[in-house]
Amino acid sequence: MTALQRTPLFEAHVAAGGKLVDFAGWELPIHYGSQLKEHDTVRSDAGVFDVSHMTVVDVTGPDATRYLQHLLANDVAKLGVEGKALYSGMLNQRGGVIDDLIVYRTAWDYRVVVNAATRTKDLAWMREQAVTFHVELTERPELAMLAIQGPQAIAKTKAAKPELAALIDSLQVFQGLPAGEWFVARTGYTGEDGLEIMLPGNEAIAFWNALLVAGVAPTGLGARDTLRLEAGMNLYGHEMDDHVSPLAAGMGWTVAWNPPERDFIGRKVIEAEKANGPAFKQVGLVLEGRGVLRAGQIVKTSAGDGVITSGTFSPTLKLSIAMARVPSAAAGTVEVDIRGKLEPARIVKMPFVRNGKQVFE
Amino acid sequence: MSNVPAELKYVDTHEWLRVEADGTVTIGITDHAQELLGDVVYVELPEVGANYAAGDTAGVVESVKAASDIYAPIAGEVVAINEELPNAPESANSDPYGEAWFFRVKPANPADLDGLLDAAGYAALIGA
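Residues numbered from 1 in each chain as written. Chains lettered and ligands numbered in written order. Predicted model: local features only at pLDDT ≥ 70, side-chain atom pairs only at ≥ 80, totals over all residues. Heavy atoms only, no water.

1. Considerations on the overall build of chain A
Part 1 of the argument: Looking only at helices and strands, chain A has nine helices and 21 strands in total.
Part 2 of the argument: On C-alpha atoms alone, chain A measures out to a radius of gyration of 20 Å, which is about the 21 Å that the 2.2 N^0.38 rule sets for 361 residues.
Part 3 of the argument: With the C-alpha coordinates of chain A rotated into their principal frame, the extents come out at 55 × 50 × 45 Å.
Part 4 of the argument: Relative to its full complement of 361 residues, chain A shows a buried share of 58%.
Part 5 of the argument: A sequence separation of at least 24 residues applies to 66% of the contacts in chain A between residues at least 6 apart.
Part 6 of the argument: In chain A, which carries 36 positive and 41 negative side-chain charges, the distance between the mean positions of the two groups comes to 4 Å. (Helix = DSSP H or I, 4+ residues; strand = E, 2+ residues; numbered from the N terminus. Rg over C-alpha atoms; globule rule 2.2 N^0.38 Å. Buried < 20%, exposed > 50% of the residue type's maximum accessible area, 1.4 Å probe, protein only. Contact = heavy atoms within 4.5 Å. Lys, Arg positive; Asp, Glu negative; His and termini not counted. Charge placed at Lys NZ, Arg CZ, Asp CG, Glu CD.)

Have a look at this one:
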């Protein structure tokens, strides 16, 4: 067994009392004492996550745009100006999702941020597809990445790093810009306002400590999961994988069908799926019976069986919620097989929580 | 560091047992178990009158991150359950040996208690 990788913030996690676990091959904190408390802090104030395990790749060269237009289901042509960001699936030839990612338009062309668990697979695929383009892919493993999230995230980050204040104020939601070797983006994964900041690894601990002094709470990846689920955000390996189409994973909105001549990988397959009407769709579930919804539980609907892709107890709502992939005709009330007992649940529109408040009716 | 009270008995599935004056046995989960689970958000208890063999699943405790079975550490009949616990599952984190007891059994064979771990044995098992 290979040793777990450590981010530049490892010592800071130990100092903050982090409970460190194996997270996709990285030794990262699941919580610093209480996942529930950390979750609530992000909803009401500000928390910081170490997401340095995510993979940053810069895409440069004369064919960078054409390459990404072929590689991604969403269209980077939408990124009119430097700073804009786009969420997209990267599909295989069968129309399955290799990964979901964010691509930023930058002065040097593009920056792509992909998941940690899929790093090797993603990079191999990206390099394979790059062969016929004049494009260069540069991994940036020397960069650490911190996500500061919550209603006070921006104010507290500016207090911790005043020299970034003007840049932060200039960013609209889903935009990112460089500041020297740093890169500051107004993005996140919690349904709250906030920032994701990439910075040289050797500056990460000082920045982390400044954030803590400014009153930002160290927050573990456990809370990141309950926060993203409340926000109705997909997680690779749960809501989607190489065998699930973006249409069945609630990512139809991320597929750019126009212009029709743009031949992105997987297009033909998901175009046919769309024309025939996708067999499955993604829904939110709220448990009305007893227990906690969990990934893998079977969902019985009037239109056939589905499956829960992520489920949890919602710390904000104090009830159990889930994301599920169910037959497209499913509606209304369903039953979930929780440890052999069928418990009623209700299909709702996601997200479950936005800006700290319940969204669905 | 987990708390392992000296007066209790233990099993390797992380339940504790306390023999009451009337010979019944109160059962809960250990401090070590609640630490591993993290924030407890849901508890399912057995029914009064249920009969279990040692090692049978007798309930469920769910934390934010996972569900875990609670096992009957000895054979016997459930004579009481902690009615308050499902309404306050977080007490499993704050008071695992007190408020958060799970259920009480009448042992089928009181001699079964002799084979269980004592505090020193359990502390050694969990490296406490």
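2. Let's talk about the sheet that holds strand β1 (residues 9-10) of chain B
Residue and element names in this part refer to chain B.
Part 1 of the argument: Read from one edge to the other, the open sheet built from six strands follows the order β1-β2-β3-β9-β8-β5, with strand pairing classed as antiparallel. A single partner strand is all that each edge strand has here, and the edge strands are β1 and β5 (51-52).
Part 2 of the argument: In terms of strand pairing, β1 meets strand β2 (residues 15-19) through two bridges, oriented antiparallel. Note that in β2 the partner of Tyr10 across the bridge is Trp16. (Pairing = 2+ DSSP bridges.)

3. Quick look at the interface of chain B and chain A
In many reports, interface size means the accessible area that the parts give up when they come together.
Part 1 of the argument: Taken together, the contact between chain B and chain A spans 12 residues of the former and 12 residues of the latter.
Part 2 of the argument: When chain B packs against chain A, the two sides together hide about 1200 Å² of surface, and 48% of this comes from carbon and sulfur.
Part 3 of the argument: Summed over the three residues of chain B that lose the most area to chain A, namely Asp39, Tyr42 and Val64 of chain B, the buried surface amounts to 42% of that side.
Part 4 of the argument: Our count for the chain B to chain A interface comes out at three salt bridges.
Part 5 of the argument: Of the charged contacts, one joins Glu62 of chain B and Arg294 of chain A as a salt bridge, the two residues approaching to 2.8 Å between their closest N and O atoms.
Part 6 of the argument: Taken together, the connections running from chain B to chain A amount to 11 residue pairs in polar contact (both at pLDDT 80 or more).
Part 7 of the argument: Looking at the side of chain B that touches chain A, the elements that each hand over two or more residues are β4 (40-44), β6 (57-63) and β7 (67-71) of chain B.
Part 8 of the argument: Of the residues assigned to the side of chain B that touches chain A, the class counts are six nonpolar, one polar and five charged. (Buried area = accessible area lost by both parts, 1.4 Å probe. Salt bridge = Lys/Arg side-chain N within 4 Å of Asp/Glu carboxyl O. Polar contact = N/O pair within 3.5 Å; in protein donor to acceptor, adjacent residues only side chain to side chain. Nonpolar A, V, L, I, M, F, W, Y, C, P; charged D, E, K, R; others polar.)

4. What about the confidence of the model for chain B?
All names here are of chain B.
Part 1 of the argument: Per-residue confidence for chain B gives a mean pLDDT of 95; residues scoring 70 or more make up 99%.
Part 2 of the argument: Mean pLDDT values over the elements of chain B span from 93, in helix α1 (residues 31-37), up to 98, in strand β8 (residues 76-81).
Part 3 of the argument: In the model output, the complex is listed with pTM 0.92 alongside ipTM 0.84. (pLDDT = per-residue confidence, 0-100.)

5. Observations concerning the packing of aromatic side chains
Residues and elements named next belong to chain A.
Part 1 of the argument: Throughout the structure, instances matching the rule amount to nine aromatic pairs over all chains.
Part 2 of the argument: When the ring of Tyr32 is compared with that of Trp208, the centres are 6.4 Å apart and the planes differ by 40 degrees; the resulting orientation is tilted. With Tyr32 in the loop between β2 (26-31) and α2 (35-44) and Trp208 in helix α7 (residues 204-213), this pair connects stretches of sequence that are 176 residues apart.
Part 3 of the argument: Each ring, one from Trp182 and one from Phe207, has its centre 5.0 Å from the other, and the planes form 70 degrees; the classification is edge-to-face. Placement of Trp182 in strand β11 (residues 182-185) and of Phe207 in helix α7 is noted, with a sequence separation of 25 residues between them. (Phe/Tyr/Trp six-rings, centres within 6.5 Å; stacked < 30°, edge-to-face > 60°.)

6. Some thoughts on the nonpolar core
Part 1 of the argument: Counting residues in each nonpolar core, the largest one holds 32 residues, and the members touching the most others are Tyr104, Val113, Met145, Met198, Met240 and Ile270 of chain A.
Part 2 of the argument: Residues in contact with Ile270 of chain A, not counting those within four places in the same chain, are Leu91, Gly95, Ser245, Pro246, Leu247, Val255, Trp257 and Phe264 of chain A.
Part 3 of the argument: In terms of nonpolar packing, the next biggest core, distinct from the first, is built from 27 residues, Val25, Ala33, Leu45 and Tyr52 of chain B among them. (Core = buried A, V, L, I, M, F, W, Y, C linked by side-chain atoms within 4.5 Å.)

7. Some details on the side chain of Arg140 of chain A
All names here are of chain A.
Part 1 of the argument: Within the secondary structure, Arg140 sits in the loop between β8 (136-139) and β9 (143-149).
Part 2 of the argument: Among the polar contacts made by the side chain of Arg140, one reaches the side chain of Asp58 at a distance of 2.8 Å.
Part 3 of the argument: Aside from chain neighbours lying at most four places away, what touches Arg140 is Val56, Asp58, Arg111 and Glu181.

8. Let's talk about the environment of Met54 of chain A
All names here are of chain A.
Part 1 of the argument: The topology assignment puts Met54 in the loop between β3 (47-50) and β4 (55-60).
Part 2 of the argument: The buried category is assigned to Met54, whose relative accessible area is 14%.
Part 3 of the argument: C-alpha separation for the pair Met54 and Met145, spaced 91 residues apart in sequence, amounts to 7.6 Å.

9. Observations concerning the pattern of salt bridges
All names here are of chain A.
Part 1 of the argument: Taken as a whole, this structure holds 25 salt bridges over all chains when the rule is applied.
Part 2 of the argument: In this structure, Glu27 and Arg6 form a salt bridge, with 2.9 Å as the shortest nitrogen-oxygen distance. Of the two residues, Glu27 sits in strand β2 while Arg6 sits in the segment before α1 (10-15), which places them 21 residues apart along the sequence.
Part 3 of the argument: Classification of Glu27 by relative accessible area gives buried; the value is 18%.
Part 4 of the argument: One salt bridge in this structure joins Arg43 and Glu230, with 2.9 Å as the shortest N-O distance. Of this pair, Arg43 sits in helix α2 while Glu230 sits in helix α8 (residues 221-230), and the two are 187 residues apart along the sequence.
Part 5 of the argument: Among the residues examined, Arg43 registers a relative accessible area of 8% and is labelled buried.

10. Here we look at the sheet that holds β6 of chain B
In a beta sheet, neighbouring strands are held together by backbone hydrogen bonds and run either parallel or antiparallel to one another.
Residue and element names in this part refer to chain B.
Part 1 of the argument: Read across the sheet, three strands follow the order β4-β6-β7 without closing on themselves; strand pairing throughout is antiparallel. The open sheet has two free edges, formed respectively by β4 and β7, since each of these has just one partner strand. Averaged over all pairs of adjacent strands, the angle between strand axes in this sheet comes to 25 degrees, irrespective of strand direction. (Axes fitted to C-alpha atoms, helices over the stretch in contact; angles between N-to-C directions.)

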